[in-house]
Amino acid sequence: MIKNFVEELTWRGMIQDSMPGTEEHLMEAMRLAYVGIDPTADSLHIGHLVGVMGLKHFQLSGHKPVALVGGATGMIGDPSGKSAERNLLNEETLRHNQNAIKEQLSRFLDFDSDADNAAVIVNNYDWMKEFSFLEFIRDVGKHITVNYMMAKDSVKKRLSSESSVGMSFTEFTYQLVQGYDFLHLFRENNCTLQMGGSDQWGNITTGTELIRRVDGGKGYALTWPLITKADGTKFGKTEGGNIWLDAERTSPYKFYQYWLNTSDVDAEKYIKIFTFLSREEIESLIEEHKQAPHLRVLQRRLAEEITTMVHSKEELDNAIKASEILFGKSTGEDLKGLNAKTFLEVFEGVPLTEISREDIENGLDIIGALAERGGFLKSNSEARRALKENSISVNKEKVKEDYSITTADLINDKFVLLQRGKKNYFVLSIV
């Protein structure tokens, strides 16, 4: 059964532009649509997620999604929204990246079922690699005028007086190569719709123009808005760089924290785009959030939904536990459940000092750990006073003046967490 894909994306705020007739075309029968994915890394980042969610909604609406990994276009580099030409990749790297990306996409899209609308993944390098330059300019280039190509915003910006770098011929031809992808998929797979970010409109419509001029066919275009943040900073970026879907590049804890720290304005927008919750459920959550914004109902639900989807329920539970270590009522057992990477991320910015393993093996008295050896407190007398006040904890457990730190206290065989009161932390790192 076909559902109204355009209507679903519209209420979610996921449509910027669409070609006239797109909605009617999609309601007539099962259609194929593709989204191009840049394979310049072996992981997607959250900037790719809008496209992935768009493909998933397409599949849920009864249509067949096609993920196109741009092996050929990745060798050129898309000038849209870029101020400089990117580094080019070799085929071996691109193949590795494609396999890693398919693995991530399979968490969202159904590639393996027998359903007519099972997703497929293609790589444009497979049909571009045999194309000679002469064949391309004869069979494709002659159908699109330079005037048409020059009118595109992505070209205009790079050729304007504000741009100091200009534009190479390689980048100039990018829209032709992407346009040919659409023509190829139209011919071979009867793919009639290309979707992408709003900066792709020019490239996508070059494809619909090629389909019209070369085959006399009809292709459609649909774009979503580029995701922004209310404070003007770039979506999907932190001081440490991109937020990746790969747990090795961005830990589930940091991934969860990114969404948890979203502003109220952005959370209301993102929960529609980055979850599959129904309209009724989202409206109810928004209303609940407005009644008590300090509880951050929207941010929590957004972070939970998307972390489970990208990682797993188990990783979400670990991320929540890790988040509560700083603010909640966690125990020493919770601490010992953290891996070393997550531990360092949770206590990023907390003062840290190195202690030799030998000292720990011999038993390090708590006063020495706090003052002379560790340097957490200024003096032995301050350490004794704090211990008498019962305000010192080792790995979240209160300790007395006669306590010794041993290897049994080590978290991941590497760390000991000291704490004074509720918020003053200090880390001993064993070397």
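Residues numbered from 1 in each chain as written. Predicted model: local features only at pLDDT ≥ 70, side-chain atom pairs only at ≥ 80, totals over all residues. Heavy atoms only, no water.

Draft legend 1. Region of the structure containing the overall build of the protein. Along the protein, the regular secondary structure elements total 22 helices and 15 strands. Here the C-alpha coordinates of the protein stretch approximately 85 × 45 × 45 Å along the principal axes. Out of the 431 residues in the protein, the part that is buried amounts to 51%. Considering only intrachain contacts with a sequence separation of at least 6, the fraction spanning at least 24 residues in the protein is 72%. (Helix = DSSP H or I, 4+ residues; strand = E, 2+ residues; numbered from the N terminus. Buried < 20%, exposed > 50% of the residue type's maximum accessible area, 1.4 Å probe, protein only. Contact = heavy atoms within 4.5 Å.)

Draft legend 2. Broad picture of the sheet that holds strand β12 (residues 397-398). Within the open sheet, the five strands sit side by side as β9-β15-β14-β11-β12. Their pairing is mixed. Since the sheet does not close on itself, it has two edges, and those belong to β9 (352-355) and β12, each with one partner. Bridge count between strand β14 (residues 415-420) and strand β15 (residues 424-430): six bridges; the pairing is antiparallel. Across the sheet, the residue bridging to L418 is F426, located in β15. (Pairing = 2+ DSSP bridges.)

Draft legend 3. Representation of the nonpolar core within the structure. Judged by nonpolar contacts, the single largest core of 58 residues is most densely connected at I46, L49, L105, F108, M195, W259 and F274. At seven residues, the largest contribution of residues to this core is made by helix α16 (residues 297-310). With sequence-adjacent residues up to four places away left out, M195 is seen in contact with F5, A33, Y34, V35, G36, G54, L55, F58, I204, L222 and W224. Membership of the second largest hydrophobic core comes to 28 residues, among which are M128, F131, Y180 and L183. (Core = buried A, V, L, I, M, F, W, Y, C linked by side-chain atoms within 4.5 Å.)

Draft legend 4. Layout of the pairing of strand β3 (residues 64-69). Extensive coverage of β3 is indicated by the burial of six of its six residues. Along β3, one buried face is formed by K64, V66 and L68 and the opposite face, lined by P65, A67 and V69, is buried too. In the sheet, strand β2 (residues 32-37) pairs with β3 via six bridges, with the strands oriented parallel. Paired with I37 across the bridge in β3 is V69. For the handedness criterion, the β-α-β arrangement of β2, helix α3 (residues 49-60) and β3 is classed as right-handed. Note: β3 against strand β4 (residues 120-123), four bridges, orientation parallel. Note on β4: the bridge partner recorded for A67 is I121. (Right-handed = clockwise from strand over helix to strand, strands pointing away.)

Draft legend 5. Representation of the environment of M30 in the model. With respect to the helices and strands, M30 occurs in the loop between α2 (22-28) and β2. On the accessibility criterion, M30 (34% relative accessible area) is partly exposed. The spatial distance from the C-alpha of M30 to the C-alpha of M1 is 8.7 Å, given a sequence separation of 29 residues. Setting aside residues up to four positions removed in sequence, M30 forms contacts with I2, G62, H63, K64, D116 and N117.

Draft legend 6. View of the sheet that holds β3. Pairing is mixed across the open sheet formed by six strands, whose spatial order is β1-β6-β5-β2-β3-β4. Each edge of the sheet is formed by a strand with only one pairing partner; in this case those strands are β1 (17-18) and β4. As defined by bridge partners, β2 adjoins strand β5 (residues 191-197) across four bridges and the pair is classed as parallel. The partner of V35 across the bridge, within β5, is M195. Across the sheet, helix α5 (residues 91-105) touches β2, β3 and β4, and the angle it forms with β4 is around 165°. (Axes fitted to C-alpha atoms, helices over the stretch in contact; angles between N-to-C directions.)

Draft legend 7. Representation of a nonpolar patch on the surface. Together, F133, L134, I137 and F169 give the surface a local cluster of nonpolar side chains, amounting to about 460 Å² of exposed area. By secondary structure assignment, the location of F133 is in helix α7 (residues 133-139). On the basis of relative accessible area, F133 is assigned to the exposed category, the value being 53%. (Patch = residues over 30% accessible without salt bridge, like charges linked within 9 Å, V, L, I, M, F, W, Y side chains within 5 Å. Areas by Shrake-Rupley, 256 points an atom, 1.4 Å probe, with all protein chains shown as cover. Salt bridge = Lys/Arg side-chain N within 4 Å of Asp/Glu carboxyl O.)

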